[in-house]
Amino acid sequence: MVKPVVRIEDLSLEFISQAGAFEALKGISLDIGEGEIVGVVGESGSGKSVTAMNILQLLPRTKIRVPTGSINVLDHDVRAMSEKRLQQIRGGEVSMIFQEPMTALNPVLRVSDQINDVILRHKDVSALEAEEISLSLLEDTQIADPRRVYESYPHELSGGMRQRVMIAMAFSCSPKLIVADEPTTALDVTVQAQILRLLKERAEKTNTSVLLITHDLAVVAQLCNRVYVMYKGEFVEEGTTQDVIGNPQHVYTKALLNSLPEGKTPKSRLATVAAAMLEGGSNDKVIKSPVAATRIARSGDTVLEIKKGTVRYPKDYNFFGRPITFHTAVDHVSVDIKEGETLALVGESGCGKTSLANAVVGLNPLADGEIIYRGKNIKDHDPETRREIQIVFQDPQSSLDPRWPVWKIMTEPLTVGKSLDKAELRKRAGELCEMVGLEPDQIDRLPHEFSGGQRQRIAIGRALSVRPKLLVLDEPTSALDVSVQAQILNLLLDLQDEFGLTYLFISHDVAVVRHIADKVAVMYQSKVVEEGDTEQILSAPTHEYTRTLMNAVPSLEKAFAA
Amino acid sequence: MSSTAETAPAGPQAAGRWDSLIGPFVPVLHQLTRLAVLLFMVTTLLFFMLRLAGDPALVLAGNDATPEQLEAIRAQYGLDKPLIVQYFNYMGNLIQGDFGKSLASGERAMGKVLTMLPATLLIAGLAMAASICIAIPLGAWLGFKPERFDRRGVSGIIFVFQGVPGFVSALIFIQVFAVNLRWLPSLGMDYGNVKTWILPSASLAWFLMPSLTRVVAANTAEAMREDYIRTARAGGAPGYSLLWRHALPNALLGAAALIGTQFAFLVGGAVITETIFAWPGIGWLLIESTQTLDFPVVQALAFCIAILVFTVNAVTDLSFQYLDPRLRTKGN
C-alpha cells in the first residue's frame, strides 16, 4: 500500500458527561493512502462523524477521553500536537467539508472573507494574491460567475452554490486530505450528483485523499475506492467498495444493503437492520398479512382530483398590506388518485410539491383551480371531508409538540368539535400505538424520549386517529436513517393493505418512490412535467428533467456497471 | 387610494401604477403613519387622563384661595370651558406647533422641555456608551468559554449586580465618591464641569451594564456552538479569530435589540437617577410638572418622549439591516 496520509490505530473514545461515560469509538483502525478516496458508512450515532472530527482534534478536549490509540497525520501524532500546531494542520494539510451548507458558513461574512481568511492564514501571500487564488478556486468549482459568488453573503447563494464554496475553501491550501462529512446529504439529487463529481474530479486532479463520511451506500459506491462500514463505534467490515457492497461478509453490512429499497420488488417488505441484528423486541410488527396479494380490492374510483391547482404566495405588499406581486409555487397542476392507490409527487426542493400537499389538506388556499375529494370541493370545508384527508410531515422532531405526551398528540384530531373523556382518549391512543408498532404503555412519554423513527410512527398514528381515507405523506422518511426508513415503508405498506388507504406520497427519493408508488407525477418548477405508471416513468422518462433526475440518482447498480 | 382596490384584482402579477410608484417608499410611509397614530393616541389619552388627575387651578391658586380667585384662574387658562372644547382647542393649537404655556412659570411648554432635553441626552448617551464599552468585551469573554471556573464566578457577581435596584447603586456611589472620597460632586449639573456628569452617568451605566453583559455572554456562547464556528476551526482559525471575527458579530445582532430598548428607556428620562442627583433633565421635569399638575408641560414632555422613543426604535431597526446582511434588501 502507498504511504498513508492518515493512520488511525486502535482508537477508542469516550464522551464524559454527568450521566457517565459513553463509548463512542471502540478501538477503530483506519488507513488512507495518498490520492485515495475512502468511505466510512454508517447510521446516525454510529460514530462516523466523531471519527471525522477527531482527525483534526475538533472535539472539545475537556469533554472526551481517549483511553487508547493514536491518530497520525503525515506521520505526526495529532494527539500530541499543541493547539498552535493543530491550527496549521487544520485547513492547511487537512481540511473539512461539512454537511449543512445552510449553517456551515458564517452568515455575516462575505464568501470572499471566509475563503481569504483560510488562505492568508496558511500561505505567505498578500491580500490581493489571496483574492486571485480565491477567484480561481471558485472558477475550478465550475461556478459560472465567480466574481458574483465571491462578493456574496452565504444567504444569497443556493445550497449547491454554498457547497461549492465549501469545496473551494477546502482545496484552498492544497491539503493532503479532505474530510467530507455528509457533504451532499442536504442537497437535491441533481445537485448532489454535480457536487460528488466535482469533488472526485478535483481530488483526482490534485492527488488529494478524501475521507467521505456518509450514510448513503450508493454515494460510497459511486465515489470510493475503499469503504469502512461502521456500526456502534466499530468498523465491522472494510475492503474495496466492490467487495464490501458486492459480497458483504458482516451481518450488519448485509442487513444495511437489504434495507435499501433499490433493486427490491416494489411493495415487498424490506428487511430491517433491527431484526437482523437481533436486538430483542424489534418493533417492526406485522399488522396483518405481509403478502401483497391480500390487498383490498380497489374500487377504481377516483378519490382525489386536482384540477389546475394553483398556489401563490404574496411577495410584495402595498401600503395597506394588500399583496401586489406573487410567487407562483404550484402552477395549474392537474393530477388524480384512485382509491387504494399511491401517487408519488417527485421533485427537488422548491418545485412546489409541499405547497401542493398543503393545499390538499387545506393548509394553503388555492389561488386558482380546484381540488375535488369524492365529488366535493375541499374549499367547502366539509368537516367529514377534512377528517378523511390527513397529513404526515417530514420532520417528526419539529412537527410534534415537545410538551405533550404521546396520547394527547395522537388523539388531538379526535377532540376537534367533540368532547371525549380522558380515559376513552387514552384507550384510543393505546390502540393507535399498537397499530403503528409502538408499545401501548408508552403513551405517557414525551416526544423527545423516542427515536426519530418512533416519532414518525407517532405522527402516523396521529394522522390515523380519525380513520382517514387519504393520507398525504410529505417526505415521511427523508429525515430518517435507511434502516429506519425500511421500517416506516413497511408500516405504510401494511397500513395500506389493512385499511385500503390512498396515499399522496411526496418525495425526492426515486428509489423510495419506485418501491412504494403505483403512479408518479414529476414536478419541476411549479409544474407537473410528466406523470404515469411508476415503472414506466422511471425506466423510460420522456421529459428532460426526469431524465436528468434519473441520471443523477446515485445507485449501487449504476456504480458497478460503470 | 381607491385606485389600488380596483387595480389589484385585475391580475395577480400586475401591480397598480400607484403601487409601483410608491413601492420603494412604503416602509417609510408605514413608519410615518405609525408615528402619527402614536402621537395622536399619546396626546389624546394623556389629555383626558390628566384632567382626571386633579384641578390645576387649585394648585396654581394655593390652598387659601377664595372661590372667586379660583374662577378667575380657570377663566384665565380656559379651564372653565367644557372638556371636549378644551380638547379641540388644544389639538388645534398643537397642529400649529403650539403646546401652550407652562401653568407654573408662563414659559412656552415645548421650549421648557427642549432646554431640559440635552441634559437627559447627555447622561443617556454617556451611560449607554459606558455600558456598551464594558458589556461587550466582558460578555464576549464570559461567553467564549462559559464553563470555565473564573467566568462562572464573574457571571455570578454580574447576576447579583443585576438584582440591585438603580437607586441603591446611585446612593452607594454618592456615599463613596462624593461623601467619603470627596472626588465628585453629588448634586447638580454644569455643562462646563465634566465632574458633574460622572456620577449620574455612571450610576445609570451601572444599572444597564449587567443585563447587557448577560445577553452578550449568552448570545456569544450560543454562537460558539454554531456550525460556522466549527467550519472556521477546521480552517485553522485561532481562538481570538473565532470569538471576535466569527462569534461576536453574530452575538451582537441579539444585543442590538436590547441596546435599542435600553436607550429608548433612557431618553424617556431616567426619573429616579435625575431626581437623586438633582439633574435638570426631562425625567426631573416630568416629576416636577406632574406634581404641580402643569398639564401643558406634561403634554409637551409626553409628545417629545414619544418622538424620541420612536426614533430610537426606528434607528435600531435600521441598524439591524446594517449589522445583518440577511435583512438587507436586494439591490442595496
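Structure shown above.
Definitions and limits used
Residues numbered from 1 in each chain as written. Chains lettered and ligands numbered in written order. Predicted model: local features only at pLDDT ≥ 70, side-chain atom pairs only at ≥ 80, totals over all residues. Heavy atoms only, no water. Helix = DSSP H or I, 4+ residues; strand = E, 2+ residues; numbered from the N terminus. Contact = heavy atoms within 4.5 Å. Areas by Shrake-Rupley, 256 points an atom, 1.4 Å probe, with all protein chains shown as cover. Patch = residues over 30% accessible without salt bridge, like charges linked within 9 Å, V, L, I, M, F, W, Y side chains within 5 Å. Salt bridge = Lys/Arg side-chain N within 4 Å of Asp/Glu carboxyl O. Lys, Arg positive; Asp, Glu negative; His and termini not counted. Charge placed at Lys NZ, Arg CZ, Asp CG, Glu CD. Buried area = accessible area lost by both parts, 1.4 Å probe. Polar contact = N/O pair within 3.5 Å; in protein donor to acceptor, adjacent residues only side chain to side chain. Phe/Tyr/Trp six-rings, centres within 6.5 Å; stacked < 30°, edge-to-face > 60°. Buried < 20%, exposed > 50% of the residue type's maximum accessible area, 1.4 Å probe, protein only. Lys NZ or Arg CZ within 6 Å of the ring centre and 35° of its normal. Pairing = 2+ DSSP bridges. Axes fitted to C-alpha atoms, helices over the stretch in contact; angles between N-to-C directions.

(A) Local environment of the overall build of chain A. Helices and strands together make up the secondary structure of chain A, namely 22 helices and 21 strands. Each principal axis of the C-alpha atoms in chain A carries an extent, and together these give about 70 × 60 × 45 Å. Sequence-distant contacts in chain A: of pairs separated by 6 or more residues, those separated by 24 or more amount to 68%. If you sum the accessible surface of chain A, you get close to 23800 Å²; carbon and sulfur atoms cover 49% of it.

(B) Representation of a negative patch on the surface. Residues A:Glu305, A:Asp336, A:Glu370 and A:Glu531 make up a contiguous surface patch of negative charge. Tracing the backbone through its elements, the reader meets A:Glu531 in strand 21 (residues 527–533).

(C) Quick peek at the interface of chain A and chain B. Contacts between the two partners involve 36 residues from chain A, matched on the other side by 37 residues from chain B. Together, the buried faces of chain A and chain B total about 3100 Å²; carbon and sulfur atoms form 56% of this surface. Interface area lost by chain A to chain B is led by A:Val108, A:Phe319 and A:Ile324, which between them contribute 20%. The interface formed by chain A and chain B holds two salt bridges in total. Note that A:Asp117 is salt-bridged to B:Arg245, the shortest N-O span being 2.6 Å. Here chain A is connected to chain B by 12 residue pairs in polar contact (both at pLDDT 80 or more).

(D) Fine view of the packing of aromatic side chains. Here the structure, examined in full by the defined rule, presents 14 aromatic pairs over all chains. Their ring planes at 15° and their centres at 4.2 Å tell us that A:Tyr524 and A:Tyr545 sit as a pair that is stacked. Taken together, the residues span a long stretch of sequence, with A:Tyr524 in strand 20 (residues 519–524) and A:Tyr545 in helix 21 (residues 544–552) at a distance of 21 residues. Classification of A:Tyr524 by relative accessible area gives partly exposed; the value is 27%. Taking the relative accessible area as the measure of exposure, A:Tyr545 reaches 6% and is therefore buried. Here B:Arg51 stacks its cationic end above the ring of B:Phe47, 4.2 Å away from the centre of that ring.

(E) Spatial organisation of the sheet that holds strand 18 (residues 470–474) of chain A. Residue and element names in this part refer to chain A. One open sheet accounts for six strands, arranged 17-18-19-14-20-21; its pairing is mixed. Looking along the sheet, the strands with just one partner apiece sit at the ends: strand 17 (389–392) and strand 21. Sheet twist, expressed as the mean angle between neighbouring strand axes with direction ignored, is 15°. Across five bridges, the pairing between strand 18 and strand 19 (residues 502–507) is parallel. Bridged to Leu-471 within strand 19 is Tyr-503. Most of the contacts of helix 17 (residues 452–464) go to strand 17, to which it runs at about 170°, and overall it touches strand 17 and strand 18.

(F) The pairing of strand 2 (residues 20–33) of chain A, seen in detail. Residue and element names in this part refer to chain A. Strand direction decides the pairing type here: strand 1 (residues 4–17) and strand 2, joined by 10 bridges, are antiparallel. In the sheet register, Val-6 faces strand 2, and the bridge partner there is Ile-32. Counting the residues between successive antiparallel strands, the hairpin from strand 1 to strand 2 contains two residues.

Nothing here speaks to function; it is all geometry.
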